[in-house]
Amino acid sequence: MTSVLPSPSSMNEVARFIGHPWIFGRLDGMLISPYVVLYRDGHVGGLDDPRFRSWKARDTGIALLDEAGACAMTLLMGEPGPESETVLFERTDRADTIHCLIETKPLLAPPERAEACTLSPLPSRRPNLVVLRAGSGSSHPSWLTDIDESDRNWDLCISWYDSAESFAACEPAEYNILQNKNRKYQSLHQLLYPGSPLWDYEYIAFPDDDIEMSRRDINRMFEIAKCHNLALSQPALHPSSFYSHQITVQQADKRLRYTNFVEVMFPIFSRSALDRCVGSFLLSESSWGLDQLWPKLLGGHRYQIGIIDAVPVRHVRPVGGSYDMAGAFADKHRLIQTFAAPEDYREFGFVV
């Protein structure tokens with residue numbers, strides 16, 4: 001391994017590296033990340049490290065850039081590895097510190113079109129979307145109607161998980177679809193097939209159906225996410241809510257907190273962030289562990305992930321009452337181990 005001589009790669013060769021997963025580490029065996037992705041827009045996913053925030057193609061290979069945009073290292077094309085996988089190496093005189101990217105197998109599953117879940121485009125649409133997994137006991141009919149319909153900045157898609165008979169009585173939304181064979185994120189994965197009209201929105205929220213809120217607050221939630229250019233966010237939970245993680249409970253003296261965690265109960269994705277994370281929706285039947293994984297896939301950017309304290313919502317049912325807790329913990333542990341996702345919940349700053 002110490003005699004590797006990287007060869008220059010053409011721009012066409014560099015294009016092959018975009019969107020595919022890599023193992024990032026050193027030749028001395030130190031693993032930095034088991035799943036790194038170079039996104040087309042120049043961001044690096046799978047790394048929570050200020051030294052490696054973005055990438056740029058160069059005639060001689062790929063430059064990894066730090067938070068300030070300075071080149072942290074340049075990786076060049078090397079000889080294929082032992083299983084013929086593509087390998088990129090850093091040029092350095094010290095073999096024990098050579099960094100490398102090694103091609104690995106994709107673990108995320110991009111959605112495919114399924115006729116049973118096809119949605120028809122709207123003749124006109126609002127800029128944002130709420131996709132609600134709802135059943136007969138859903139709280140959404142009681143959402144406070146405190147704005148006129150013409151002032152709503154979001155459309156509603158109801159993915160119904162109860163019986164076909166109860167679905168017939170469900171009040172109409174912009175999109176209504178019966179999906180009562182899978183759990184929440186498996187069903188959402190089916191709705192986000194290539195060409196789905198759900199991809200036409202700027203921000204997409206995926207609340208559980210045991211959330212009490214108002215239509216005006218949903219408007220504000222999207223406005224704040226857009227104002228602060230958040231890739232991934234959630235409304236804070238009102239202190240009277242049932243909750244699992246203290247970090248999600250509202251801090252009333254703040255507008256927004258930047259965090260490394262957004263819960264699966266009510267995530268809000270920008271369109272580009274959803275594109276990077278949607279392939280993970282099938283990796284956890286219970287959905288546990290996905291909220292640890294998403295910030296890692298997005299690259300851990302400090303000021304693009306947060307909890308919106310200015311818009312608290314109320315979670316009205318106990319947590320974990322509808323699934324096998326042992327299986328949920330197993331899902332979470334497996335994803336953390338596979339992707340080296342963080343287990344701690346941190347705040348990095350706030351806006352008042």
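These numbers were taken from a predicted model, which means no experiment stands behind them.

Thresholds applied
Residues numbered from 1 in each chain as written. Predicted model: local features only at pLDDT ≥ 70, side-chain atom pairs only at ≥ 80, totals over all residues. Heavy atoms only, no water. Core = buried A, V, L, I, M, F, W, Y, C linked by side-chain atoms within 4.5 Å. Buried < 20%, exposed > 50% of the residue type's maximum accessible area, 1.4 Å probe, protein only. Helix = DSSP H or I, 4+ residues; strand = E, 2+ residues; numbered from the N terminus. Contact = heavy atoms within 4.5 Å. Salt bridge = Lys/Arg side-chain N within 4 Å of Asp/Glu carboxyl O. Polar contact = N/O pair within 3.5 Å; in protein donor to acceptor, adjacent residues only side chain to side chain. Axes fitted to C-alpha atoms, helices over the stretch in contact; angles between N-to-C directions. Parallel < 35°, antiparallel > 145°, perpendicular 65-115°, else oblique. Left-handed = near helix turned anticlockwise from the far one by under 90°. Nonpolar A, V, L, I, M, F, W, Y, C, P; charged D, E, K, R; others polar.

1. Observations regarding the nonpolar core
Logical step 1: Grouped together as the largest cluster of nonpolar side chains are 39 residues, with contacts concentrated most on V131, L191, F206, F269, L274, F281 and W294.
Logical step 2: Only β2 (31–38), β9 (128–134), β11 (175–178), α3 (184–191), α5 (271–277), α6 (290–297) and α7 (325–339) provide two or more residues apiece to this core.
Logical step 3: Looking at this core element by element, the count peaks at 4 residues for α6.
Logical step 4: Ignoring sequence-local partners within four residues, the contact set of F281 consists of Y185, Q186, L188, H189, L192, F269, L274, L290 and W294.
Logical step 5: V130, A205, L230 and L256 belong to the second-largest nonpolar core, a separate cluster that totals 29 residues.

2. Remarks on the pattern of salt bridges
A side chain with one charge can pair with a side chain of the opposite charge if their charged atoms come near.
Logical step 1: Inspection of every chain in the model, using the stated rule, returns 22 salt bridges.
Logical step 2: Of the charged contacts in the structure, one is a salt bridge between R26 and D28, with a shortest N-O distance of 2.5 Å.
Logical step 3: In this structure R26 comes out as partly exposed when scored by relative accessible area, which is 24%.
Logical step 4: Here E149 makes a salt bridge to R152, at a shortest N to O gap of 2.6 Å.
Logical step 5: One continuous salt-bridge network, built from bridges that share partners, spans R126, E149, R152, D155, E174 and R215.

3. With respect to the environment of P197
Logical step 1: Tracing the backbone shows P197 in the loop between α3 and β12 (203–205).
Logical step 2: Since its relative accessible area comes to 3%, P197 is described here as buried.
Logical step 3: The spacing of P197 and C157 is 40 residues in sequence and 11 Å in space, taken between C-alpha atoms.
Logical step 4: Those residues in contact with P197 that sit more than four places away from it in its chain are L119, S120, P121 and Y175.

4. Observations concerning the environment of S280
Logical step 1: With respect to the helices, strands and loops of the structure, S280 is situated in the loop between α5 and α6.
Logical step 2: The sequence separation of S280 and W294 amounts to 14 residues, and the corresponding C-alpha distance is 8.2 Å.
Logical step 3: The residues touching S280, leaving out its near neighbours within four places in the chain, are L108, L290, L293, W294 and L297.

5. Some details on the side chain of S33
Logical step 1: Position of S33 among the secondary structure elements: in strand β2.
Logical step 2: On the basis of relative accessibility, which here comes to 0%, the residue S33 falls in the buried class.
Logical step 3: At 3.4 Å, the side chain of S33 and the backbone nitrogen of Y35 are in polar contact.
Logical step 4: Those residues within four positions of S33 in sequence are excluded, and the remaining contacts are W22, I23, F24, G46, L47 and K296.

6. Observations concerning the packing of α6 against α7
Logical step 1: For the pair α6 and α7, the least separation of the axes is 9 Å and the interaxial angle reads 20°. Accordingly, the angle class assigned to the pair α6 and α7 is roughly parallel. In this structure, α6 meets α7 at a crossing whose hand is left-handed. Listed contacts from α7 to L290, Q292, L293 and K296 of α6 are K332, L335, I336 and F339.
Logical step 2: For the contact of α6 with α7, a count of residues per class yields 5 nonpolar, 1 polar and 2 charged.

Remember that the coordinates give geometry; whether it matters functionally is a separate question.
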